[in-house]
Each structure stands twice: as C-alpha cells, then as structure tokens.
Amino acid sequence: MHMKKVTLSLVAAAVVTVFTGCDATATKQAHAATPEKMAVAKMAMQPSAPPPLTPLGKAPIPPDNKLTPAKVELGKLLFFDPRVGGDASTGCSTCHEPEQGWAWAEDFSRGYPGTVHWRNSQSIINSAYFPRQFWAGSASSNEKQAKSAAKGGVAGNGEDDIMEARLALIPEYRKRFKEVFGTEWPIIDDVWHAISAFERTMNTTGKYEVPLDKYLKGDKSALSKQQVRGMKLFNGKAGCINCHNGELTTDSDFHNIGVPPNKRWEEDGLAQITFRFEQYAKGQTEEGYRAAKSDWGFYYRSKNKWDKGKFRTAPLRYIAYTAPYMHNGVFYTLEEVIDFYNRGGFDEEGRTTLFTKTKSALIKPLGLNDQEKEDLVAFLEAFSGPEITMEKPEQPPYAPLFTLAELKAAQEAK
Amino acid sequence: MGVRVTTGRTLLAAVLGFGVALSAQAAEYPDIGPLPQLKINKAKAELGKRLFFDKRLSGDAAVACATCHVPEKGYASKEALSPGYPGNGHFRNASSLINVAHRKVWNWDGRIGTNLNDMTREMLTEDYTMNMDMRIMQERVKQDPVYVRMFKDAGYGEPSNGSVRKAIPEYLKTLTSANAPFDTGKMSASAKRGMKLFKGKGGCIQCHNGPMMTDQKAHNTGVPENFDVFMDPMNHQAFIAFTMFQGIPNYMNLKRDPGYYNVTLLDEDMGKFLTPSLRELKYSAPYMHNGMIKTLAGVVDFYNQGGGKDSRKSGLLKPLKLSGKEKKDLVAFLEALSGDPLTSNKHVWKQPYPSEYEAIANWTKVPN
C-alpha cells in the first residue's frame, strides 16, 4: 500500500465530508454512554484498593512472533538502520537514542528532517509489556507501533515499497531475512516482526533490574530508609498508587491529570505546523481542527468528549534516564513533577489542562511538606537501575544485485 | 489499490491506442506547425512559480521541482538519470517541462493520461521524487504569510493541498517555446533542408508530428538500457519500488525498463516509450528516457542505423543511409526547434524563501 497516495484522495474528502461524519459518530456514542453512566459503572466495578506494585516479570511474547537469537539480532540491526525510513536519515534509534534513555531529551521529540514532532519521545525500554502503546494508547502491539512509527509523516516518513526495495539490495539483510523468515526477499511486515523481537529483549530485567523490584522480591537492602518513606507516601497520602499500580506501574488506563499545554506551540512556527497536521492525521472534525489549542489525547481514538486531555498512565521504570516528562515534555525534573502533583495538577505559573471538565478527581492538592516531597522523589529514583547501553551496530552495505555481464546478456537477448 | 491501477490501465490504453504502426506517408500526419496559445491566469501562475522552486514542498524540505527540472536545462535534469529524493536515486531522465501543458499523456511510459494536477500529485508524493505527505505540505504553506497572501490574491482562499496542485499546473502553462527559428520563420538554409529530410527520407514525421512533434504514442526504438539504473543501488531501489508498486510481474529480476508495458501489461509493449516533443532540445541533453544519447548528432546517428537492437523494435525504423551533409542538416533542423532560454524572472522564482517558519502571533486566540 502506498500510504501517501491513498491519503490524498481521503484528504480532499476529509475537509468537507468526513468532518461532519465524525460529529455524527460522536453524537451516537454519547447516546450509548453518558459520562455520568460511565462514572457510575466504573465506581461499581472499582475494587476497594488498587493492585499493589509487584516486580516486573517476563515480557509477554506473542505466539505469532516467537523470539529467536537470530531474529533479535536482525531486529537490532534494523532498529539502528536509518534506511528504514523515507530519506535514509531517520530510523528508530534516531529518536530513541540509547544515550538519551532510548528516547529523545527534548520536550518535543526531534522529527523527520524539516519537521518537529508534537509529543515527547517515549523510551522503548519495557515497551513490550504495554498493551496500549504511545502516549494516547493508539497502538496495540510493538508490531503495529513500529509500522506506524516508520511511516508517520513527522517520524520515519517511509513508504513500504521503497523500504522493502532498499533492504533487498543489502546482501546481509537478504541473508538474514531468509534465515529468520524463510523468504527469498525481505518483506516489510517482517521488519516490524524483527524490530519488535529486539524491543522485547530491551527490558529492566536481569542485570538491569531496578532497586524497587529487588525490594519487592525480598531484598530489603535495595531501598534506603528515605525511599521506604517515599514508598509509603506513594501508596498512601500522595495517592500515586491509584493509577501507577500493579506489575507495570500503570493501570494502562487513560486519565487527565492536568498537564498544561506546551508553550512552544505559541512561539515556534515549525511546532505549529505539526500541531495542525496532527489534527488532520488523527481525524479531527473541521470544528476541532480550527479550535484545538492543545493535545486532545485519548479523544482522537475514542471521539468521546470526556476523553479530551486524557493520556495513558505513564509507566515509571527507567524514568531516571528519560527526562523531560509527560506527553509534551513540560517538566524537566522529577522534582517538578512532584510539585505539579502536590499543587493538584498545576505548574509553577498555575497553568493546567485546557480540559478542566475531564480532569481526574484523583488529582488534588496533596499537602506534602518539603521532606515528604524529597522522600517521594527518592522513591521515584528506585524505579531505575543501571543504564542500558549498547554499541550501535554497523550498517550492512548495499551491493548491486546484478553483474555487468548479466546486464549485458539481458541487453543482447532483447 | 488494485482497482485504481487497473482502471488507469484501461483508460490509458484507450487514450494511447496500442501504438499500431501506420504506413509512412508524410501527408497523413498532423503538420508540425506553431503551438496554439494557452490562456493563463497570472496570479495563479505566479503562485505556482513560487511553489515550483520551493524545497519545502518535499518531505524533508531538501528538493524542489526545480532540483530535477532545471531551468538552464530546459526544465529537464542535467544528468542522464535524474537525481532522486535524498536517500534515493532515479531510473529515468527527468523530462523537459517546456510545452508540457500541450501534452495529453505524461511520463516516458505514458502512465498518466488525465491532467497535470495528477502529474503534480505523483511528483509530490512519490517516495523517490518528493516523498511529501500533502497534509504536512498544506500546513507548511499555511505557515508562510507570503503564500497566505498569494493564495488569496489568486482567488483560492485559504491555502490547501488541492490548490497547490492547481497553481503548479497553471505555472507549467507559462513554460512555452518562445522565438524558435522554426516558429519565427528564420531557419537557416541547412535547417530548411533538414526539415525536408525530417518529413521525408528521415521518416521522423511518422512519430514526431503535430505542433509538439509528437504523436503522444508509445514506440520501441531500441534505445539501449542505461546500466547505471541497476549498477547503482540508489537507482535500482527506486526502480524496484516503482515496478513493485505498478504491479509488474517478476520485478526483482527485471533487467530492463519495461516502458509502456507498465500501462498495458502486454508483452508486445515491452520497451516502448512515449514519443517525446522535439522542442527545446538545445537545452535538454542528454536524450532519451534514460539519457543514453549525449548529443543530437548522436541521436541522428542512432536513427541513421535504424535505431537500436530490440526484437520488438518498431517496423517504422529502417537504416536511413543519410550522407554526412544530410545528417548535419537534420541536426540543424532539430536545433532550429529551440527558442529563448526560459531562465529570467519571468519563469524563475529568484527571491529567497524564509529560512524559518514565523510563528503565528496570538496563537491561542486565533482559530487554526
């Protein structure tokens, strides 16, 4: 499929027809479930206490993409190869830089050349565990995630046909794809399979286990006294456990915690371009496209108005390496994050989400004193173990597919 | 996708006919007179001009239309094989765009037979030409106050990707031959003798006829393959992506440009290419779909020996037995089909583009 070509015809239609179409769907869904009904249903279902934090187990491996050492090795090569993308400059590792927490250390991720992204780059560490990937949970597996990352206009901007053609002209890849997948030529879907296999090995387990998990498994020396105090706050007074809970440190659900819009959208022309493009790309209504002044988050998927400004509860392991924080990178330190929660979801200047109606009732001023804030930060540090580093593999070279003699013979045979 | 391609194929086959050879008699062919005038909307064409030279219309903002269609080269590529979008090469010569609005069928293989709007879209979106997601393009254009004003002045209102694809073709209409000796009646004696040969002994008129000197049909002249298409993986990958997307069988093993076969999938059409216009050749060397012939003298030698080697070669091509003088006269005629270069401000946007996108002021208050 040729994405750009397909989108085009859609775009023209989108401006006039699809926009109204979306409104209609939204109204239909509103009939099915009002916010009040949803809230009541949720309360009824909610267990009395959220699941406690538990150590990270093994990454789930889907039955249709088993891990083998050869597949993981191939996936690693592809993850680091910028030729998996539009102009051979921007691959996965370009925005998921090992030295920057396997993410990108700016508020908005760097974009495809000529663009900037509109969200913070997430770390790929532990991504294998998350059933809903991206800040707003729009991909349901690593495989689907990788595909949309490599093709998205402000990310990889690659097309299937050109990426497949490139790999076919790299002998090392031909050999490895054949070994791993048994095909004569590399096939684009197998690129996503291999990359996902590699990602599933990039976890905070084994020698990268985080102090919190050691502690939870019984090694009481793994946390300092201060961290243990912080843990009590996390599970109690500060209420973090309401959302950051269970094995994954996230309920994998969507909440509006009050993160204010990034001011860069007011000052940076390139960011304004991407902002508007994303409204299109995510299927906004015409009205929404005109009006949007911040990221509507989970709304783009659900099209329910009470999902505006909601994002997936961010997992907390490995965050010591992945600043800045939140979907739009507005906070540069964990101290700022704690201050934000302590104010009940407001930043230093008193700014909060533009969608105050959907803001979670769980987010309210916490009344933490300085000591308690420090304890909580110390505890957050226990979610990260040793830094995961890796030498970047060399890119296997291109080689002509045919010899001059073969070409001459074909010319003669014409 | 399959549906779209098939429909395209049937349509094109109808437009082009199947290149069935007619017997050679000059009188049967549309005369090679002057070109008809085109009506041009000035404001739209001016906008199209700025767009044509603007690199921000490509995915990574590194190539403009003019990167491959170079004004000094008659809006063709100076290389035998066109450059590609960064990270890619190309497998064909970029066609000259002078008089392109007079054509009805486009590309060397004639795969687009609708309009220049579609042709522009193909150039903008194709992976190895400009690789542009047109939704991003639209938002880029909207971010430039000069464009916002120009779109308004041109009557398009708010910039949109649809109007970009209308404005560029309007500009392409301005690229027309001017003051060619053939049109002004100032041909040399040698060129006049060449014209006779062109219509007569040379048999060129069989395919190169009408004011554009093309029947806009596909023929196999036996131009040899350019091996650089396959020996340079940058070019070969673009070729593979192209043939894969077009649904050419066995594309990984293909060692030749399929040409018009791409449109019909009929074996007999393998290696046929659309007859190009012969205007403005002075600027647009090297020649043929793959730039394999460097000079006009070389082209005449090629035809003098009856074209190249191909079992499917057109029956219209025979050794011509032209004398040295006749060959010179024919070249002189071909040269007389070229007019003034289209390299002044009238055709080329020479003002600089902003190096950064200005932020829209008061962003939170104004609608997007």
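Please read these numbers as outputs of a predicted model, since none were measured by experiment.

Reading the values: rules and limits
Positions within a chain are numbered from 1, following the residues in the order the chain's sequence is written. Whichever chain is written first is A, and whichever ligand is written first is 1; the rest continue in order. Residue-level local features of this predicted model are given only where pLDDT is at least 70; pairs of side-chain atoms are given and counted only at 80 or more, and the full residue set underlies all totals for whole chains, interfaces and linings. Side-chain measures were taken over the full set of non-hydrogen atoms in the model, leaving aside hydrogen atoms and water. Helix and strand definitions here come from DSSP, where helices need a minimum of 4 consecutive H or I residues and strands a minimum of 2 consecutive E residues; each element is numbered from the N-terminal end. Note on classification: 1.4 Å probe, protein chains only; a residue is buried when its accessible area is under 20% of the maximum for its type, exposed when over 50%, partly exposed between these limits. Any pair of residues with heavy atoms lying within 4.5 Å of one another is described as a contacting pair. Per-residue and other accessible areas follow the Shrake-Rupley method at a 1.4 Å probe size, with only the shown protein chains counted as cover for residues. In this charge count, Lys and Arg are treated as positive and Asp and Glu as negative; neither His nor the chain ends contribute. Here the site of a charge means NZ on Lys, CZ on Arg, CG on Asp, or CD on Glu. For a helix, the expected span equals 1.5 Å multiplied by the residue count minus one. Contacts described as polar in this section are N or O atom pairs within 3.5 Å, which, within protein, must combine one atom able to donate a hydrogen with one able to accept it, while residues neighboring in sequence count only if both atoms come from side chains. Side-chain atoms within 4.5 Å are what join buried Ala, Val, Leu, Ile, Met, Phe, Trp, Tyr and Cys residues into a set we call a nonpolar core. Residue ranges labeled as domains rest on an automatic or database domain assignment. Here the quantity called buried area is the accessible surface, traced with a 1.4 Å probe, that two parts lose on coming together, added over both. By definition here, a salt bridge exists when the distance from a side-chain nitrogen of Lys or Arg to a carboxyl oxygen of Asp or Glu is within 4 Å. Classification convention: Asp, Glu, Lys, Arg as charged; Ala, Val, Leu, Ile, Met, Phe, Trp, Tyr, Cys, Pro as nonpolar; all other residues, Gly among them, as polar. Like-charged residues within 9 Å of one another, or nonpolar side chains (Val, Leu, Ile, Met, Phe, Trp, Tyr) within 5 Å, are grouped into patches, provided each residue has over 30% relative accessible area and no salt bridge. Aromatic rings from Phe, Tyr and Trp, taking only the six-membered ring of Trp, are treated as a pair when their centres fall within 6.5 Å; an angle between ring planes under 30 degrees marks them as stacked, one over 60 as edge-to-face, and anything in between as tilted. Put simply, a charge is over a ring when the Lys NZ or the Arg CZ is close to the ring centre, within 6 Å, and near the line of the ring normal, within 35 degrees. Throughout, an axis means a line fitted to C-alpha atoms (over the contacting stretch in the case of helices), and angles, computed between N-to-C directions, take values from 0 to 180 degrees. Any angle that is under 35 degrees is reported as roughly parallel, and any over 145 degrees as roughly antiparallel; angles of 65 to 115 degrees are reported as roughly perpendicular and all others as oblique.

S.K.: Can you tell me about the overall build of chain B, naming the residues and giving the values?
M.R.: Counting its regular elements, chain B contains 14 helices and two strands. Viewed in the frame of its principal axes, chain B has a C-alpha envelope of about 75 × 50 × 35 Å. Looking at chain B as a whole, 59% of its 368 residues are labelled buried. Taking contacts inside chain B between residues at least 6 apart in sequence as the whole, the part at least 24 apart equals 69%. Only carbon and sulfur atoms are counted for the fraction: they give 57% of the accessible area of chain B, which is about 14900 Å². Treating the 48 positive side-chain charges of chain B as one cloud and the 36 negative ones as another, the clouds have centres 5 Å apart.

S.K.: Tell me about helix H11 (residues 233–246) of chain B, residues and numbers included.
M.R.: All names here are of chain B. Taking 1.5 Å per residue, 14 residues should reach 20 Å; H11 reaches 19 Å between its end C-alpha atoms and fits that length. Burial analysis of H11 places 13 of its 14 residues in the buried class, which makes it a mostly covered element. By the N-cap criterion, in which a side-chain oxygen at the helix start approaches the backbone nitrogen of a residue two or three places on, H11 is capped by Asp-232, the distance to Met-234 being 2.9 Å. Immediately downstream of H11, the backbone of Gly-247 shows phi near 75°, a positive value.

S.K.: Before we move on, can you summarise the nonpolar core with the specific residues and values?
M.R.: Counting 52 residues, the largest nonpolar core has Leu-78, Trp-102, Tyr-173, Val-191 and Trp-192 of chain A as the members making the most contacts within it. Contributions of two or more residues to this core are made by helix H3 (69–79), helix H5 (142–151), helix H6 (160–168), helix H7 (171–181) and helix H8 (188–199) of chain A together with helix H10 (228–231) and H11 of chain B. The greatest single-element share of this core, amounting to seven residues, is contributed by H8 of chain A. Counting residues in hydrophobic clusters, the runner-up holds 41 residues, among them Met-130, Tyr-156, Leu-175 and Trp-349 of chain B.

S.K.: Can you break down the domain arrangement of chain B residue by residue, with the values?
M.R.: When the parts of a complex come together, some accessible area is lost, and that lost area is often used as the size of the interface. Residues and elements named next belong to chain B. Taken as a whole, chain B is organised into domain 1 (11–36 + 179–335) and domain 2 (42–172). Spacing between the C-alpha centres of domain 1 and domain 2 amounts to 25 Å. At the interface, 39 residues of domain 1 touch 33 residues of domain 2. Across the domain 1 to domain 2 interface the summed buried area is about 2900 Å²; carbon plus sulfur atoms make up 60%. Applying the counting criterion to the domain 1 and domain 2 interface returns one salt bridge. Asp-257 serves as the salt-bridge partner of Arg-92, at 2.7 Å between the closest nitrogen and oxygen. Applying the counting criterion to the domain 1 and domain 2 interface returns 13 residue pairs in polar contact (both at pLDDT 80 or more). Mapped by element, the contributors of at least two residues to the side of domain 1 that touches domain 2 are helix H1 (2–16), H10, H11, helix H12 (261–264) and strand S2 (273–274). It is H11 that provides the largest number of residues to the side of domain 1 that touches domain 2, a total of eight residues. Class assignment for the residues of the side of domain 1 that touches domain 2 results in 21 nonpolar, 14 polar and four charged.

S.K.: Tell me about the pattern of salt bridges, residues and numbers included.
M.R.: Here the structure, examined in full by the defined rule, presents 44 salt bridges over all chains. Asp-160 of chain A is paired through a salt bridge with Lys-151 of chain A; the nearest N and O atoms lie 3.1 Å apart. Take Asp-160 of chain A: its relative accessible area is 12%, and that puts it in the buried class. Between Lys-414 of chain A and Glu-225 of chain B there is a salt bridge, and its shortest N-O distance comes to 2.9 Å. A residue pair is termed interchain when its members come from two chains, as with Lys-414 of chain A in the segment after helix H17 (404–412) and Glu-225 of chain B in the loop between strand S1 (218–219) and H10. If you follow the salt bridges from partner to partner, you end up with Arg-276, Glu-286 and Arg-290 of chain A together with Glu-139, Lys-142 and Glu-158 of chain B in one network.

S.K.: Report on the domain arrangement of chain A, specifying residues and quantitative values.
M.R.: All names here are of chain A. Domain parsing of chain A yields domain 1 (69–199) and domain 2 (255–386). Here the C-alpha centroids of domain 1 and domain 2 sit 25 Å apart. Counting residues at the interface gives 28 residues for domain 1 and 31 residues for domain 2. Both sides together, the interface formed by domain 1 and domain 2 hides about 2500 Å², and carbon and sulfur atoms give 60% of it. Interface area lost by domain 1 to domain 2 is led by Phe-108, Trp-118 and Trp-135, which between them contribute 32%. Here Asp-107 ties to Arg-264 by a salt bridge, and the two come within 2.7 Å at their closest N and O atoms. Applying the counting rule to domain 1 against domain 2 returns nine residue pairs in polar contact (both at pLDDT 80 or more). Partitioning the side of domain 1 that touches domain 2 into residue classes produces twelve nonpolar, twelve polar and four charged.

S.K.: Please provide a residue-by-residue account of a negative patch on the surface, values included.
M.R.: Residues and elements named next belong to chain A. Together, Glu-335, Glu-336, Glu-348, Glu-374 and Glu-381 give the surface a local cluster of negative charge. Following the sequence through the fold, Glu-381 ends up in helix H16 (residues 370–381). Judged by its relative accessible area of 41%, Glu-381 is partly exposed.

S.K.: Which residues make up the packing of aromatic side chains, and what values do they have?
M.R.: Taken as a whole and judged by the stated rule, the model has 39 aromatic pairs over all chains. Ring geometry for Trp-296 of chain A and Tyr-299 of chain A: centres 5.1 Å apart, planes at 70°, overall edge-to-face. Between the NZ or CZ atom of Arg-83 of chain A and the centre of the ring of Tyr-398 of chain A, over which it lies, the distance is 5.1 Å. Above the face of the Trp-363 of chain B ring, Lys-293 of chain A is positioned so that its terminal group lies 4.2 Å from the ring centre.

S.K.: Explain the interface of chain B and chain A to me, and be specific about the residues and the numbers.
M.R.: Facing the 59 residues of chain B at the interface are 59 residues of chain A. When the two sides are added together, the surface that chain B and chain A hide from each other amounts to roughly 5400 Å², 63% of it contributed by carbon and sulfur. Considering only the surface of chain B that becomes buried against chain A, Arg-135, Trp-363 and Asn-368 of chain B emerge as the three largest contributors, covering 16% of it. Taken together, the connections running from chain B to chain A amount to three salt bridges. With a closest N to O distance of 2.8 Å, Arg-290 of chain A and Glu-158 of chain B form a salt bridge. Here chain B is connected to chain A by 25 residue pairs in polar contact (both at pLDDT 80 or more).

S.K.: Break down the packing of H3 of chain A against H8 of chain A for me, citing the residues and quoting the values.
M.R.: All names here are of chain A. Packing of H3 against H8 brings their axes to within 7 Å, and their N-to-C directions diverge by 100°. Here H3 is positioned roughly perpendicular relative to H8, judged by the angle of their axes. Side by side, H3 and H8 meet where Lys-71, Val-72, Leu-74, Gly-75, Lys-76, Leu-78 and Phe-79 of the first sit next to Val-191, His-193, Ala-194, Ile-195, Ala-197, Phe-198 and Glu-199 of the second. The residue makeup of the contact of H3 with H8, split by class, is nine nonpolar, two polar and three charged.

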